[in-house]
Amino acid sequence: MELPSALISSLTNVKGFNKEAFEKVHQSGEQNTSIRINIHKLPDALKADLTGIAFEDVAISPVPWSSNGYYLSARPSFTSDPLFHGGAYYVQEASSMFLEEALKQSVDLTQPLKVLDLCAAPGGKSTLIQSLLSATSLLVSNEVIKSRVMILAENITKWGSSNVIVTNNDPADFKRLPGFFDIIVVDAPCSGSGLFRKDPKATEEWSGQNVEQCCVRQQKILADILPSLKEGGVLIYSTCSYSTEEDEAIADMVMKEHPLSTIRLSLKEEWNIVETTAADSNAFGYRFYPDQLKGEGFYIAAFKKNIAGDIIPQNNKKKIRTEVLTPKEISVIKTWLKNPDDFFFINQQEEVIAMPAHLENDLTDIRSALYIKKAGVKMGTIIRNELIPAHELALSSIIHHRIPSVKVDKATALQYLRRGEIKIDSHNKGWAMLTHHHLALGWIKILPNRINNYYPKEWRILNK
Ligand code: SAM
């Protein structure tokens, strides 16, 4: 791999940069694979045995700065693992998992919090944030690029939580929600030098000019989004770029132009993460170099907002326009849920959505300001007082454990995920969840002479 010489020379005096070791680790061809387990979904027994079940002949070892992150000694075929499709884990680069420490050390995560993940697709940081939040918190997971919102919504659906709203907005749109969020995470679009080992071709596209453009974009994103951070709220900024223009210089800009102060994080020596201070403001930042730890290039910094800044008056809230559900319909829906009284229901365009009851006002606020792609858990459609269950319901962690389910082996699970024809011996009739190692993969309908496969067409595995 030919590293851009302009990048190497720009890093010469950057703290922690070691030219020889950096070049060597890029030439080594070494690749790390890591996953983060979904604690809300995976039964404890399975957590301990994930190696035996999902990853045969692959050793796992913990990512030192993460509670649920693990390195895999080899990259298995995730596509052929039904547990991957069921949302049992997320394949995430290890350095990024440090967001957990940044959040834990900056905020009391046991509180009910409103959190925005601004640049969220495909959903790595969002699924991590969701795992760390209390059940009474809300995560707004936003992606500005329309074509990337689909994969974000899919990954959030697989993660199975009900307290997430996926939006598709430009950062400037969030000005309509002044002082709304307790935490904002900006995992900014960047020049991407930190991921050269994963994508060696990206070295050819790297240029100093692109770094400059990214830096301008990052400044605009932050200026647009900061009014929606509450007084006392926390901003986490991160990139996968080594360039100081996108890292420490942005930290300087945040401190100079906005009412924020730096948060210093404590590090364990054995993590080998490099603490830096920005040139003008001394803002703390944390650099990850692949020659010094098991992870890719990453920069992260945390800030606290001191004063509210200008509060822009909010628009009049639009009432959520919903068709009313009849008491009978509500009672039907409730039979599908573990804790039905914890939810409120919206019937929109013939589809019923369940949202945690305590988030009703927040949903109204967000609806009045943003374009919502997905909120809570889609339960399905009611036809003649019967629920035709939606795929999201099967993958959610709010579904009642007494809903009929059929356990299948790996081969049948994969056949189901390809949307193929499946054969099952079952005494049940009607709707049932297909499960593999206690994890729901989706719906089937058991008819007297056949099984209907309801796995979503657009999600099906295409390879044989
Ligand atoms: N946080 C994601 C994760 O952990 O899976 C990765 C995010 S990626 C580094 C940056 C994201 O910012 C991309 O999804 C990209 O589409 C989005 N983006 C691009 N331009 C943007 C802009 N002007 N404002 C906000 N987001 C932007």
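The structure we're discussing is the one just above.
This section reports on the structure supplied with the text. Residue indices follow the written sequence of each chain, beginning from 1 at its first position. Local features in a predicted model are, by the rule used here, given only for residues with pLDDT of at least 70; side-chain atom pairs are given and counted only at 80 or more, and totals for whole chains, interfaces and linings are based on all residues. With hydrogens and water stripped out, all remaining heavy atoms of the structure feed into the side-chain values.

Moving on, we come to the packing of helix H7 (residues 124-132) against helix H8 (residues 146-159). For any two helices packed against each other, one specifies the inter-axial angle together with the distance between the axes. Helix axes are fitted to C-alpha atoms over the stretch in contact, other axes to C-alpha atoms as well, and angles between N-to-C directions run from 0 to 180 degrees. A run of DSSP states H or I qualifies as a helix once it reaches four residues; a run of E qualifies as a strand once it reaches two. Both are numbered from the N-terminal end. Orientation of H7 relative to H8, taken along the N-to-C sense of each, is 30°, at an axis distance of 10 Å. Of the possible angle classes, the one that applies to H7 and H8 is roughly parallel. Crossing handedness for the pair H7 and H8: right-handed. In this structure, H7 contributes Ser126, Thr127, Gln130 and Ser131 to the contact, and H8 contributes Asn155, Ile156 and Trp159. Each residue gets one of three labels, nonpolar for Ala, Val, Leu, Ile, Met, Phe, Trp, Tyr, Cys and Pro, charged for Asp, Glu, Lys and Arg, and polar for the others, Gly among them. Of the residues in the contact of H7 with H8, the class split is two nonpolar, five polar and no charged. Our angle categories are set so that under 35 degrees counts as roughly parallel, over 145 as roughly antiparallel, 65 to 115 as roughly perpendicular, and the remainder as oblique. Note on convention: the crossing is left-handed when the near helix lies turned anticlockwise from the far helix by less than a right angle, right-handed when the turn is clockwise. Working rule for contacts: check all heavy atoms of both residues, and any pair within 4.5 Å makes them a contact.

Within the secondary structure layout, Glu101 lies in helix H6 (residues 99-106). Excluding residues that lie within four positions of it along the chain, Glu101 makes contacts with Trp65 and Trp271.

Let us now look at the sheet that holds strand E19 (residues 405-407). A pair of strands counts as paired when DSSP detects no fewer than two bridges linking them. Ordered in space as E19-E20-E21-E22, the four strands form an open sheet in which the pairing is mixed. Taken across any chain shown, the strands that pair with only one partner, and hence form the sheet edges, are E19 and strand E22 (451-453). Averaged over all neighbouring strand pairs, the angle between strand axes comes to 40°, with direction disregarded. In terms of strand pairing, strand E20 (residues 430-436) meets strand E21 (residues 439-446) through seven bridges, oriented antiparallel. Pairing of Met433 across the sheet is with Trp443, part of E21. Most of the contacts of helix H15 (residues 410-417) go to E21, to which it runs at about 70°, and overall it touches E20, E21 and E22.

Turning our attention to the site of the ligand. For this purpose, a residue is taken to be near a molecule or strand whenever a single non-hydrogen atom of the residue falls within 4 Å of it. In the vicinity of the ligand there are 17 residues, among which Cys119, Gly124, Glu143, Arg148 and Asp187 approach most closely. Contact distances for the ligand include 2.9 Å between an oxygen atom and a backbone N or O atom of Gly124. Whenever a nitrogen or oxygen atom comes within 3.5 Å of another N or O atom, the pair is scored as a polar contact, on the condition that within protein one atom can donate a hydrogen and the other can accept it, and that pairs from neighbouring residues in sequence are kept only if both atoms are in side chains. Within the side chain of Asp187, a nitrogen or oxygen atom sits 2.8 Å from a nitrogen atom of the ligand. Note on areas: these come from Shrake-Rupley sampling with a 1.4 Å probe, and a residue is covered only by the protein chains present in the view. Summarising the interface, the protein chains cover 82% of the accessible area of the ligand, which totals 590 Å² for the free molecule. Of all the secondary-structure elements, those providing two or more residues to the shell around the ligand are H7 and helix H10 (208-225). Looking at the shell around the ligand residue by residue, the classes come out as ten nonpolar, two polar and five charged.

What follows covers H6. Relative accessibility under 20% of the residue-type maximum defines a buried residue, over 50% an exposed one, and the middle range a partly exposed one, all with a 1.4 Å probe and only protein chains included. Most of H6 is tucked away: six of the eight residues are buried. By the burial criterion, the buried members of H6 are Leu99, Glu100, Glu101, Ala102, Leu103 and Ser106. Elements in contact with the buried residues of H6: H7, strand E8 (181-187), strand E9 (229-239), strand E10 (260-263) and strand E13 (298-305).

For Ile307, the position within the fold is in the loop between E13 and helix H12 (327-334). Each C-alpha atom, one on Ile307 and one on Glu205, is 40 Å from the other, the two residues being 102 residues apart in sequence. If sequence neighbours within four positions are ignored, Ile307 has contacts with Glu231 and Pro259.

What follows deals with the sheet that holds strand E1 (residues 33-37). A sheet is described by the order of its strands in space; here four strands give the open sequence E2-E3-E1-E4, paired in antiparallel fashion. Two strands in the sheet have a free side with no partner beyond their single neighbour: strand E2 (60-62) and strand E4 (89-91). Taking the axes of each pair of neighbouring strands and ignoring which way they run, one obtains an average angle of 35° across the sheet. Across four bridges, the pairing between E1 and strand E3 (residues 69-72) is antiparallel.

One full turn of an α-helix is made of 3.6 residues, so residues set three or four places apart face in the same direction. Here H10 is 18 residues long and its end C-alpha atoms lie 26 Å apart, about the 26 Å a rise of 1.5 Å per residue gives. Three or more residues of H10 are buried, namely Val211, Cys214, Cys215, Gln218, Ile221, Leu222, Asp224 and Ile225. Along its buried surface, H10 packs onto strand E5 (114-117), E8, E9 and helix H11 (248-257). Helices are assigned an expected span. That span is 1.5 Å times one less than the residue count.

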